[in-house]
Amino acid sequence: MENLDALLSSNKRWAAKIKAGDPTFFERLAEQQSPEYLWIGCSDSRVPATQIVDLEPGEIFVHRNIANTVNLNDDNALAVIQFAVEALQVKHIIVCGHYGCGGVIAADSGLALSGPVDRWLDNVREVRKRHAQELDTLSGADRVTRLCELNVLAQLESVSQIEYVRAARERSPALQLHAWIYDIHDGIIKQLKNL
Ligand code: CO
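Definitions and cut-offs
Residues numbered from 1 in each chain as written. Predicted model: local features only at pLDDT ≥ 70, side-chain atom pairs only at ≥ 80, totals over all residues. Heavy atoms only, no water. Donors = N, O, S within 2.8 Å, 3.2 Å for Na, K, Ca; no water. Buried < 20%, exposed > 50% of the residue type's maximum accessible area, 1.4 Å probe, protein only. Phe/Tyr/Trp six-rings, centres within 6.5 Å; stacked < 30°, edge-to-face > 60°. Helix = DSSP H or I, 4+ residues; strand = E, 2+ residues; numbered from the N terminus. Core = buried A, V, L, I, M, F, W, Y, C linked by side-chain atoms within 4.5 Å. Contact = heavy atoms within 4.5 Å. Polar contact = N/O pair within 3.5 Å; in protein donor to acceptor, adjacent residues only side chain to side chain. Domains from an automatic or database assignment. Buried area = accessible area lost by both parts, 1.4 Å probe. Salt bridge = Lys/Arg side-chain N within 4 Å of Asp/Glu carboxyl O. Nonpolar A, V, L, I, M, F, W, Y, C, P; charged D, E, K, R; others polar.

Asks: What am I meant to see in the coordination of the cobalt ion here?
Replies: When four donors bind a metal tetrahedrally, each ideal donor-metal-donor angle is 109.5 degrees, and when six bind octahedrally, the ideal angles are 90 or 180 degrees. At this site the cobalt ion is bound by C42 (SG), H98 (NE2) and C101 (SG), with donor distances of 2.0 to 2.3 Å. Judged by relative accessible area, which is 6%, C42 ranks as buried.

Asks: Where do I start with the packing of aromatic side chains in this structure?
Replies: Geometrically, a pair of aromatic rings is defined through the distance of the ring centres and the angle of the planes. All told, the structure shown has four aromatic pairs when counted by the stated rule. Pairing W14 with F26 gives two aromatic rings, centres 5.7 Å apart and planes at 70°, and the pair type is edge-to-face. With W14 in helix 1 (residues 5-21) and F26 in helix 2 (residues 25-31), this pair connects stretches of sequence that are 12 residues apart. A relative accessible area of 35% means that W14 is categorised as partly exposed. For F26, a relative accessible area of 31% corresponds to the partly exposed category. The interplanar angle of 80° and the centroid separation of 6.2 Å between the aromatic rings of W39 and W180 together place this pair among those described as edge-to-face. Linking W39 in strand 1 (residues 37-42) with W180 in strand 4 (residues 176-183), this pair joins segments that are 141 residues apart in sequence. Here W39 and W180 have matching classes, each one buried. An aromatic cluster is built from W14, F25 and F26, whose rings are joined through pairwise contacts.

Asks: I keep staring at the nonpolar core and nothing clicks. Help me out?
Replies: In summary, soluble globular proteins display a tendency toward joint burial of nonpolar side chains. Core analysis: the largest hydrophobic core is formed by 40 residues, its most contacted members being L38, I81, I93, V159 and V165. For this core, the secondary structure elements donating two or more residues are strand 1, helix 4 (75-87), strand 3 (92-98), helix 5 (102-109), helix 7 (122-130), helix 9 (140-161), helix 10 (163-170) and strand 4. Tallying contributions element by element places helix 9 first for this core, with eight residues. Contact partners of I93, with chain neighbours within four places excluded, come to L38, I40, I81, V85, V159, V165, L175, Q176, L177 and H178. Among the nonpolar cores identified, the runner-up in size contains eight residues, and W39, A49, I60 and W180 belong to it.

Asks: Whenever I open this one, the environment of D186 confuses me. Can you help?
Replies: With respect to the secondary-structure elements, D186 resides in the loop between strand 4 and strand 5 (188-194). D186 sits 107 residues away from A79 along the chain, and the two C-alpha atoms are 33 Å apart. Only 3.0 Å separates the side chain of D186 from the backbone nitrogen of I188, close enough to count as a polar contact.

Asks: Sorry, what's going on with the domain arrangement of the protein here?
Replies: Where the parts come together, the accessible area they lose is often given as the size of the interface. Assigned domains within the protein: domain 1 (1-31) and domain 2 (33-194). At the interface, four residues of domain 1 touch four residues of domain 2. Both faces considered, domain 1 and domain 2 share a buried interface measuring about 300 Å² in area, 74% of it formed by carbon and sulfur atoms. Contact with domain 2 buries area across many residues of domain 1, yet W14, F25 and L29 alone supply 83% of it, more than any other trio. Our count for the domain 1 to domain 2 interface comes out at zero salt bridges. At the surface where domain 1 touches domain 2, the tally comes to zero residue pairs in polar contact (both at pLDDT 80 or more). Where the side of domain 1 that touches domain 2 is concerned, the elements lending two or more residues are helix 1 and helix 2. Considering only residue class, the side of domain 1 that touches domain 2 consists of four nonpolar, no polar and no charged.

Asks: Looking at this model, I keep getting lost on unusual backbone geometry. Mind explaining?
Replies: Most peptide bonds are trans, and most residues other than glycine sit at a negative phi. Positive phi outside glycine occurs at A67, with the angle close to 65°. If you trace the backbone, A67 turns up in the loop between strand 2 (60-65) and helix 4. The phi angle at Q89 is positive, at roughly 50°, despite the residue not being glycine. Within the secondary structure layout, Q89 lies in the loop between helix 4 and strand 3.

So this is what it looks like as structure tokens:
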């Protein structure tokens with residue numbers, strides 16, 4: 001079995017470097033987390049939440065899954081969102097998709113996959129179907145690009161329908177919702193919508 005010694009050594013170097021710059025960093029974080037942001041993003045290895053907005057551990061509460069979907073019957077996502085809103089009282093929920101998303105490409109292709117991955121993509125297929133009129137006027141790469149955007153917007157809409165999100169949005173100061181999309185070609189995030 002491979003021991004992944006390289007990863008464990010780099011972890012030690014990383015912790016030492018952080019501590020050198022800020023001796024009480026870990027002690028403070030161990031006391032409590034108080035992130036202002038909930039990030040709902042894709043599991044894609046190229047889109048690591050905290051890193052691409054250059055924040056530190058402790059600053060973003062994160063939920064990631066294939067194609068950054070929010071299924072209203074998915075207790076995993078719902079529990080993360082509930083905890084973020086009620087316990088952490090985050091100020092912003094960001095749904096961040098990315099161009100070139102494999103999950104979106106698969107859903108757009110109409111190909112049947114197998115197992116949980118296939119079931120998971122039904123949510124994106126639904127978005128594809130709902131916007132068929134617009135999407136069918138576009139060709140290959142343009143269609144996928146647009147579906148990546150429409151998917152983020154649809155998932156943000158789902159977030160906005162959750163009861164405890166609505167309640168938090170009525171509180172003062174109100175919780176804000178954001179749809180973002182990340183370009184894996186240049187590392188830049190584009191804002192699609194703020195609610
Ligand atoms: Co993706």
